[in-house]
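Topology and contacts: notes
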Amino acid sequence: MTKTKWTVDPTHSAIEFSVKHMMIAKVKGSFNKFDATITADPADLTTAEIDFTVDLASIDTRNTDRDNHLRSADFFDVEKNPTLTFKATNIKKTNDDTYAITGDVTLNGVTKEETFDITFEGQGKDPWGTEKAGFSGKGKVKRSDYGLTYNAALETGGVLIGDQITLSIDIEAAKEA
């Protein structure tokens, strides 16, 4: 197969995250608005071109007050830095359908190289004849690497918010005609 352009179907895709809270539990959330430009041969992602943009204001942790605080200057400062971006720079096949995708993540004015483990979930036509491909992925980033250091000390020791963020990505994309 040759490389073709794929468009993310936001109604069948998700970007979710979790972070340790009070050193004893996890808070989970998602970003509801994102887009990507993907030019790839799903059977061999090693030559793919992948650019992601996440609208940070679309954060949703199922708590309005927390979401508003996350949008503030204490965290994402969405007025100054409205997006998180990812641009793939190196893709290595690690198994039959799995890849290590390394790229530049830009968040809060800081760009760092990060690697995500991605699985090609399969490809097929939907009932309307559109070719679709599915991908899932996981990765971890340290929020302090991006200058996101807001926290509060706990009376019992430790901190309110963990530094490591676990990301989970599920993408269904449609082949452009």
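Residues numbered from 1 in each chain as written. Predicted model: local features only at pLDDT ≥ 70, side-chain atom pairs only at ≥ 80, totals over all residues. Heavy atoms only, no water.

1. Focus: the overall build of the chain
Within the chain, the secondary structure is distributed over one helix and eleven strands. Taken against the 2.2 N^0.38 rule, which gives 16 Å for 177 residues, the C-alpha radius of gyration of the chain at 17 Å falls within 12% of a compact globule. Projecting the C-alpha coordinates of the chain onto the three principal axes gives extents of approximately 60 × 30 × 30 Å. Relative to its full complement of 177 residues, the chain shows a buried share of 41%. (Helix = DSSP H or I, 4+ residues; strand = E, 2+ residues; numbered from the N terminus. Rg over C-alpha atoms; globule rule 2.2 N^0.38 Å. Buried < 20%, exposed > 50% of the residue type's maximum accessible area, 1.4 Å probe, protein only.)

2. What to know about the confidence of the model for the chain
The pLDDT averaged across the chain works out to 93; a share of 99% of its residues lies at or above 70. The least confident element of the chain, judged by mean pLDDT, is strand S4 (residues 34-41) at 91; the most confident is strand S6 (residues 59-60) at 97. (pLDDT = per-residue confidence, 0-100.)

3. Observations concerning a nonpolar patch on the surface
Judged by side-chain polarity, Met22, Met23, Ile24 and Val159 come together as a nonpolar surface patch covering roughly 380 Å² of accessible area. Secondary-structure assignment places Met22 in the loop between strand S2 (14-21) and strand S3 (25-31). (Patch = residues over 30% accessible without salt bridge, like charges linked within 9 Å, V, L, I, M, F, W, Y side chains within 5 Å. Areas by Shrake-Rupley, 256 points an atom, 1.4 Å probe, with all protein chains shown as cover. Salt bridge = Lys/Arg side-chain N within 4 Å of Asp/Glu carboxyl O.)

4. Some points on the pairing of strand S8 (residues 98-107)
Within S8, seven of the ten residues are buried, which leaves it mostly tucked inside the rest of the structure. The sheet contact formed by strand S7 (residues 83-93) and S8 spans eight bridges and is antiparallel. The residue of S8 that forms the bridge with Lys93 is Tyr99. Hairpin connection of S7 to S8: four residues between the antiparallel strands. Relative to strand S9 (residues 110-125), S8 runs antiparallel, the two being bridged by ten bridges. Among the inter-strand pairings, Asp104 is bridged to a residue of S9, identified as Glu113. (Pairing = 2+ DSSP bridges.)

5. A closer look at the side chain of Ser18
Tracing the backbone shows Ser18 in strand S2. Classification of Ser18 by relative accessible area gives buried; the value is 10%. Those residues in contact with Ser18 that lie beyond four places of it in its chain are Lys26, Val27, Lys28, Gln164, Ile165 and Thr166. (Contact = heavy atoms within 4.5 Å.)

6. A closer look at the pattern of salt bridges
For the structure on display, the rule yields five salt bridges. Of the charged contacts, one joins Glu49 and Lys3 as a salt bridge, the two residues approaching to 2.9 Å between their closest N and O atoms. Of this pair, Glu49 sits in strand S5 (residues 44-55) while Lys3 is found in the segment before strand S1 (4-8), placing the two residues 46 residues apart along the sequence. Exposure remark for Glu49: the relative accessible area of 45% places this residue in the partly exposed category.

7. Looking at the packing of aromatic side chains
In the structure shown here, the tally under the stated rule is five aromatic pairs. Measuring from ring centre to ring centre gives 5.4 Å for Phe17 and Phe31, while their planes differ by 40 degrees; the resulting arrangement is tilted. With Phe17 in strand S2 and Phe31 in strand S3, this pair connects stretches of sequence that are 14 residues apart. Accessibility assignment for this pair places Phe17 and Phe31 in one class, buried. Relative to Phe135, the ring of Phe120 lies with its centre 5.7 Å away and its plane at 45 degrees, an arrangement referred to as tilted. Here Phe135 lies in strand S10 (residues 131-142) and Phe120 lies in strand S9, a separation of 15 residues in the sequence. (Phe/Tyr/Trp six-rings, centres within 6.5 Å; stacked < 30°, edge-to-face > 60°.)

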